[in-house]
Amino acid sequence: IYLGDEDLTQETRDLLSSLPSEKGWLVSQIYQFEGSWHTQGLVQGILNCQKNFKANDSDIILATTPKSGTTWLKALLFALIHRDKFPVSSKHPLLATNPHPLVPYLEADYRISPDVDFSELPSPRLMQTHLQHLSLPVSIKNSSCKIVYCCRNPKDMFVSLWHFGKKLTPQETADYPIEKSVEAFCQGKFIGGPFWDHVLEYWYESRKNPNKVLFVTYEELKKQTEVEVKRIADFIGCGFTAEKEVSEIVKLCSFESLSKLEVNRQGKLPNGIESNSYFRKGEIGGWRDTLSESLAEVIDRTTEEKFRGFRSRC
Ligand code: A3P
């Protein structure tokens with residue numbers, strides 16, 4: 001996420017100087033680019049990605065807001081797509097590697113270099129992004145590649161990000177008590193925010209073009225995992241024939257299995273983040289132990305305002 005000034009190109013510096021910026025919750029400075037808030041490093045990554053990423057028709061793109069189930073979907077999609085090469089067994093890559101390094105994160109990989117090469121990825125290529133639909137590289141929108149989008153209840157998403165931030169960036173979050181963080185969240189001023197616009201953009205796209213964008217929720221995935229996994233598999237063109245295969249993948253990728261693995265309990269990922277930071281509780285409604293009723297209401301009110309009228313427009 002972080003990139004020092006010295007790593008920025010002149011083009012990025014010029015752009016940053018023209019963008020609205022704020023001292024952010026979670027990071028020292030965030031910039032508003034194409035309506036969404038990012039660190040300076042990510043702005044550079046987005047520019048490089050928009051200019052240089054060429055999607056293949058067979059690509060599969062996982063899109064999420066942070067803390068909405070990215071790790072889980074990375075694991076599920078990886079296991080689904082590569083199940084012929086890697087059937088569920090004691091040698092499965094997910095037992096030895098955290099899901100994050102197995103699936104490239106587009107705009108983050110483009111931060112340092114405009115020449116990232118994804119050509120070595122096995123086909124179909126699987127990649128992840130937190131970009132809003134508006135900011136996706138044109139070739140993703142114009143090719144026949146598929147987008148799987150996952151969103152989560154905003155209160156659980158906020159609480160997940162709150163704990164993640166406190167663990168990862170204790171200094172930056174020190175002067176952000178939870179009330180101020182909820183305010184920043186509701187104003188959309190955090191990395192990848194605003195949440196609601198992100199969700200609505202993909203929701204509309206999934207309605208307009210259901211063969212291109214599949215809209216999944218963390219909650220449905222949790223409540224009826226096998227049904228949703230089959231829906232995802234059909235959408236990306238690798239439907240199941242054997243029920244046993246579905247349940248094996250679901251079990252392999254479950255919170256209970258992944259969070260207990262040594263590789264996800266110890267050590268750091270290539271991005272410097274501790275592997276266990278991506279596995280906290282993995283529950284629906286876990287916000288109750290962190291948010292007071294009044295703060296929960298602030299988020300609910302924002303959701304109502306942002307989503308008001310959207311039914312009539314669908
Ligand atoms: P909590 O903080 O609520 O526990 P992301 O992967 O987008 O960063 O989201 C992280 C959230 O997903 C965390 O939520 C984490 O515990 C949860 N999570 C990670 N792996 C999961 C899995 N296999 N099944 C369900 N939830 C999972």
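Residues numbered from 1 in each chain as written. Predicted model: local features only at pLDDT ≥ 70, side-chain atom pairs only at ≥ 80, totals over all residues. Heavy atoms only, no water.

1. Some thoughts on the sheet that holds strand β3 (residues 36-38)
Working definition: the strands of a sheet are paired by backbone hydrogen bonds and lie parallel or antiparallel to each other.
Right, so step 1: Strands sit in the order β1-β2-β3 across an open sheet of three strands; the sheet is antiparallel. Sheet topology places β1 (21-22) and β3 at the edges, where each strand pairs with a single neighbour.
Right, so step 2: Where helix α2 (residues 40-52) meets the sheet, its contacts fall on β2 (30-33) and β3, and the angle it forms with β2 comes to roughly 30°. (Pairing = 2+ DSSP bridges. Helix = DSSP H or I, 4+ residues; strand = E, 2+ residues; numbered from the N terminus. Contact = heavy atoms within 4.5 Å. Axes fitted to C-alpha atoms, helices over the stretch in contact; angles between N-to-C directions.)

2. Focus on the packing of helix α8 (residues 154-168) against helix α17 (residues 293-307)
Right, so step 1: Remark: α8 packs on α17, axes separated minimally by 10 Å, with the N-to-C direction vectors making an angle of 125°. Taken together, α8 and α17 sit at an angle that is classed as oblique. Along this stretch, α8 crosses α17, giving a crossing that reads as right-handed. Within the contact between the two elements, α8 uses P154, K155 and F158 and α17 uses A296, I299, D300 and T303.
Right, so step 2: Among the residues making up the contact of α8 with α17, the classes are represented as four nonpolar, one polar and two charged. (Parallel < 35°, antiparallel > 145°, perpendicular 65-115°, else oblique. Left-handed = near helix turned anticlockwise from the far one by under 90°. Nonpolar A, V, L, I, M, F, W, Y, C, P; charged D, E, K, R; others polar.)

3. Some details on the side chain of S259
Right, so step 1: Secondary-structure assignment places S259 in helix α15 (residues 255-260).
Right, so step 2: A polar side-chain atom of S259 sits 2.5 Å from the main-chain carbonyl oxygen of F255.
Right, so step 3: The residues touching S259, leaving out its near neighbours within four places in the chain, are R265 and F279. (Polar contact = N/O pair within 3.5 Å; in protein donor to acceptor, adjacent residues only side chain to side chain.)

4. Here's the deal with the packing of helix α11 (residues 195-208) against α17
Right, so step 1: With their axes 10 Å apart at the nearest point, α11 and α17 run at an angle of 40° to one another. The angle between the axes of α11 and α17 places the two elements in the oblique class. The two elements α11 and α17 cross, and the hand of that crossing is right-handed. Contacts between α11 and α17 involve W196, D197, V199 and L200 on the former and, on the latter, I299, T302, T303, K306 and F307.
Right, so step 2: In the contact of α11 with α17, the residues fall into five nonpolar, two polar and two charged.

5. Here we look at the site of the ligand
Right, so step 1: With respect to spatial proximity, 17 residues lie near the ligand, and among them K67, T70, T71, S160 and K281 are the closest.
Right, so step 2: In this structure, K67 approaches the ligand through a side-chain N or O atom, which is 2.6 Å from an oxygen atom.
Right, so step 3: One nitrogen or oxygen atom from the side chain of T70 is found 2.6 Å from an oxygen atom belonging to the ligand.
Right, so step 4: Across the complex, the protein chains shield 97% of the 570 Å² of accessible surface that the ligand would expose by itself. (Near = heavy atom within 4 Å. Areas by Shrake-Rupley, 256 points an atom, 1.4 Å probe, with all protein chains shown as cover.)

6. Describing the nonpolar core
Right, so step 1: Judged by nonpolar contacts, the single largest core of 52 residues is most densely connected at W25, F53, I140, F158, F185 and L291.
Right, so step 2: Broken down by element, the residue count for this core peaks at six residues, all from α11.
Right, so step 3: Sequence-distant contacts of L291, that is, excluding residues within four places in its chain, are made with K155, F158, V159, I178, V182, A296 and I299. (Core = buried A, V, L, I, M, F, W, Y, C linked by side-chain atoms within 4.5 Å. Buried < 20%, exposed > 50% of the residue type's maximum accessible area, 1.4 Å probe, protein only.)

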